[in-house]
Structure formats: structure tokens, C-alpha cells
Amino acid sequence: MPEGHTIHRLARQLDETLAGRLVHADSPQGRFAEGAQLLDGATFERADAWGKYLFCDLGVGEVLHVHLGLIGKFRRREFPPVEPTGAVRLRLVGEDSTWDLSGPTRCELVDPGEQERIVARLGPDPLRRDARPERARERLARTERPIAATLLDQSIVAGIGNVYRAELLFLCGIHPARPSSAITDVEFEELWAQTVRLLRIGERSGRITTTDPDEIGRPRHRMRREDRLYVYHREHCRRCGSDLRTDRIGGRPITHCPTCQPRRRVRSRR
Ligand SMILES: [Zn+2]
């Protein structure tokens, strides 16, 4: 599943290659034929990401809204364009770039009011400069749900997926089953700062790397696949060697270290 960093990177690359240019749009697969017709010949104005949601404004009144979901891809292709491979829902061709969207959960035109409603349902996005982390803080303080579940809830924080949540909780030493309301202000501040830092690294490089280059002994761009993460899909803790545990929280498996992420005792009342 693409996490927030993928969508922000995509928005940036769409802007770099299409903004200010006239685009030809069509739906080779046919399922977005009407929408593509409306976009065809328009000038691409800007792409914007909020969490895992992408919005492209082509100045036609309605905005292109894309959600990639689990298997969707929006990829840069050969230019000049050649016959598309697979089921391409939407193809955008600029002056020197071709972009193919396939397998999205959502690909639709929405009016600005609907765009506002979609964004209003989302929590703050750590990759946005206008993010207001205090909104996430307030929501967490009000729920007993495990922190590993609330971190996946896009209405609380927008952009974190299954890989980042496991890595973030490990880095902050927080047990995934801890009630969200028991997260302290200091812990929240660290959690938010780490989220911003790691998503930015992911946005720049196009892949999820959470490990510290000093700890691994090589720079990020030279890390091997197995160097990049602390706990996700791993068996032993990189730091203490403990056997990692995997529990199902928030409907998805999460791996954690019982030593580095202790279950904190609830203080007994005197
Ligand atoms: Zn450990």
C-alpha cells in the first residue's frame, strides 16, 4: 500500500513534468472516458497531496481526485507515448512526459466543495507545511484505542501506513497496544517529529528507510533492502537481539520488540 510519502512524491513529480503544460488525456481502458474527455486539452495547474489522496487541478472547474488504494500505480512512461500495457484508467501526456494511472481505488472528478469535504475528513498530514499536529494530539487523548490502530486511522493522522506505524512505534519505544490516551505529550512530540522526518526521507528517495546510517554503517543510498527497517517483516530486534512479536492490531499485523517497546504498567491508585 502506498503510504503518504509515495503520494507526495508523485504530486511533486507530476508538478515538475506537467505543471503549466497543455495535456492530452484519455482513458485507454475506457472506464474514465468521460472524465478524460473533460481534461483533454486543458493546462495542468498543480498537483496536491493530502495523506494518501492526490488532487490534480487542470483548471476545468472540477478537480481530478485519485486514491491509489492497495494496488494502484501512477507511473511515468515512455515519451512519445507508445501503446499502453495493461488496463490504463487514465493517461496524461504533456509536452515531454507520459503518465499512466492503473488500478486506482478512486479516479474521479470532484467539485471543489467535494474536495474540501474529503480533506475535512482527514487528520493532519505530517508532510504538509500547514499541518496542525495539535488536532491529532486532541483526537488521541480522547480514545482508548491502541496507538497502533489510531496511527492507521487516516482521520487522525493522514499518510501513515502499515510499515511506518511499526517503525515509528519501535523508534519511540511505545508498545503498539498502549491506549492512545496514555501517550504523553513528550511521547506525542517525538512521535510527530519522527513521522515528519521519516516521511520526508521516504518522499525524497521514493522508498521507506527508517534505520540510522550510523547504526547500519553505510549511507542510505547504499543500504541493502534488509538494512532499511528496524522491525517490519523482521524476526529479531536490530538493537537488542530479542525475538520480535507480531500481533494483529487495527486489522493488520504489527511487529514489535518486547524489550525496546515495553508494555508500561498502569500506575495503581493509592
Ligand atoms: Zn529490542
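The notes below deal with the structure included here. Here the structure is a predicted model, which means the values were calculated and not measured. (Residues numbered from 1 in each chain as written. Predicted model: local features only at pLDDT ≥ 70, side-chain atom pairs only at ≥ 80, totals over all residues. Heavy atoms only, no water.)

**Structural notes on the nonpolar core**
- In terms of nonpolar packing, the biggest core is built from 37 residues, with I147, Y164, L169, F170, L191 and W192 touching the most fellow members.
- Of all the elements in the fold, those that place two or more residues in this core are α4 (133-141), α5 (147-150), α6 (162-171) and α7 (185-205).
- Residues contacting F170, with those up to four places away along its chain left out, are Y230, V231, C237, R239, C257, C260 and Q261.
- L18, A42, F44 and L54 belong to the second-largest nonpolar core, a separate cluster that totals 27 residues. (Core = buried A, V, L, I, M, F, W, Y, C linked by side-chain atoms within 4.5 Å. Buried < 20%, exposed > 50% of the residue type's maximum accessible area, 1.4 Å probe, protein only. Helix = DSSP H or I, 4+ residues; strand = E, 2+ residues; numbered from the N terminus. Contact = heavy atoms within 4.5 Å.)

**Here's the deal with the packing of α6 against α7**
- As a packed pair, α6 and α7 sit with axes 10 Å apart at the nearest point and diverge in direction by 130°. When the axes of α6 and α7 are compared, the pair comes out oblique. In terms of crossing hand, the pair formed by α6 and α7 is right-handed. Along the contact surface, α6 presents Y164, L168, L169 and L171, while α7 presents E190, L191, Q194, T195, R197, L198, L199 and G202.
- For the contact of α6 with α7, the class distribution of residues is seven nonpolar, three polar and two charged. (Axes fitted to C-alpha atoms, helices over the stretch in contact; angles between N-to-C directions. Parallel < 35°, antiparallel > 145°, perpendicular 65-115°, else oblique. Left-handed = near helix turned anticlockwise from the far one by under 90°. Nonpolar A, V, L, I, M, F, W, Y, C, P; charged D, E, K, R; others polar.)

**Description of the coordination of the zinc ion**
- Of the protein atoms, only C237 (SG), C240 (SG), C257 (SG) and C260 (SG) coordinate the zinc ion, at distances of 2.2 to 2.4 Å.
- Coordination at the zinc ion is tetrahedral: its four donor atoms span angles of 100 to 116° at the metal.
- Motif for the zinc ion, donor spacing along one chain: C-x2-C-x16-C-x2-C. Here C240 is found in the loop between α8 (213-216) and β9 (245-249), whereas its partner C260 is found in the segment after β10 (252-256), with 20 residues between them in sequence. (Donors = N, O, S within 2.8 Å, 3.2 Å for Na, K, Ca; no water. Tetrahedral: all angles 85-135°; square planar, octahedral: opposite > 155°, others 65-115°.)

**A few points about the pairing of strand β2 (residues 46-50)**
- Alignment of β2 against strand β3 (residues 53-60), held across five bridges, turns out to be antiparallel. When the bridges of β3 are listed, W50 appears paired with Y53.
- Counting the residues between successive antiparallel strands, the hairpin from β2 to β3 contains two residues, one of them, G51, with a positive phi of roughly 60°. (Pairing = 2+ DSSP bridges.)

**What to know about the sheet that holds strand β5 (residues 73-77)**
- If you walk across this open sheet you meet the four strands as β1-β6-β7-β5, and the pairing is antiparallel. Strands with a single pairing partner mark the edges of an open sheet, and in this sheet they are β1 (24-26) and β5. Shown here is a sheet whose adjacent strand axes are inclined to one another by a mean of 15°, direction ignored.
- Sheet analysis places β1 next to strand β6 (residues 88-93), joined by three bridges and oriented antiparallel. What sits directly across from D26, in β6, is R91.
- Set on the sheet, helix α1 (residues 4-18) makes contact with β5, β6 and β7 (98-102); between it and β7 the angle comes to about 145°.

**Digging into the environment of G86**
- The residue G86 is located in the loop between β5 and β6 in this model.
- Classification of G86 as exposed rests on a relative accessible area of 66%.
- Along the chain, G86 and S102 lie 16 residues apart, while their C-alpha atoms are 7.9 Å from each other.

**Observations concerning the sheet that holds β3**
- Judged by pairing direction, the sheet is antiparallel, and its four strands sit side by side in the order β2-β3-β4-β8 without closing on themselves. Single-partner strands in this sheet number two, and they are β2 and β8 (106-110). Neighbour-to-neighbour, the strand axes of this sheet turn through a mean angle of 20°, independent of strand direction.
- Examined bridge by bridge, strand β4 (residues 62-67) and β8 share five bridges and lie antiparallel to one another.

**Here we look at α4**
- When α4 is considered as a whole, its buried residues turn out to be A136, R137 and L140. Across the axial projection of α4, the buried residues extend over an arc of 105°, all falling on one side.
- Close packing links the buried residues of α4 with α5 and α7. (Arc of directions from axis to C-beta.)

**Observations regarding the environment of D212**
- Within the element layout of this structure, D212 appears in the loop between α7 and α8.
- In the structure, D212 is positioned 74 residues away from E138 in sequence and 30 Å away in space, judged by C-alpha atoms.
- The contacts of D212, once residues within four sequence positions are left out, are M223 and Y230.

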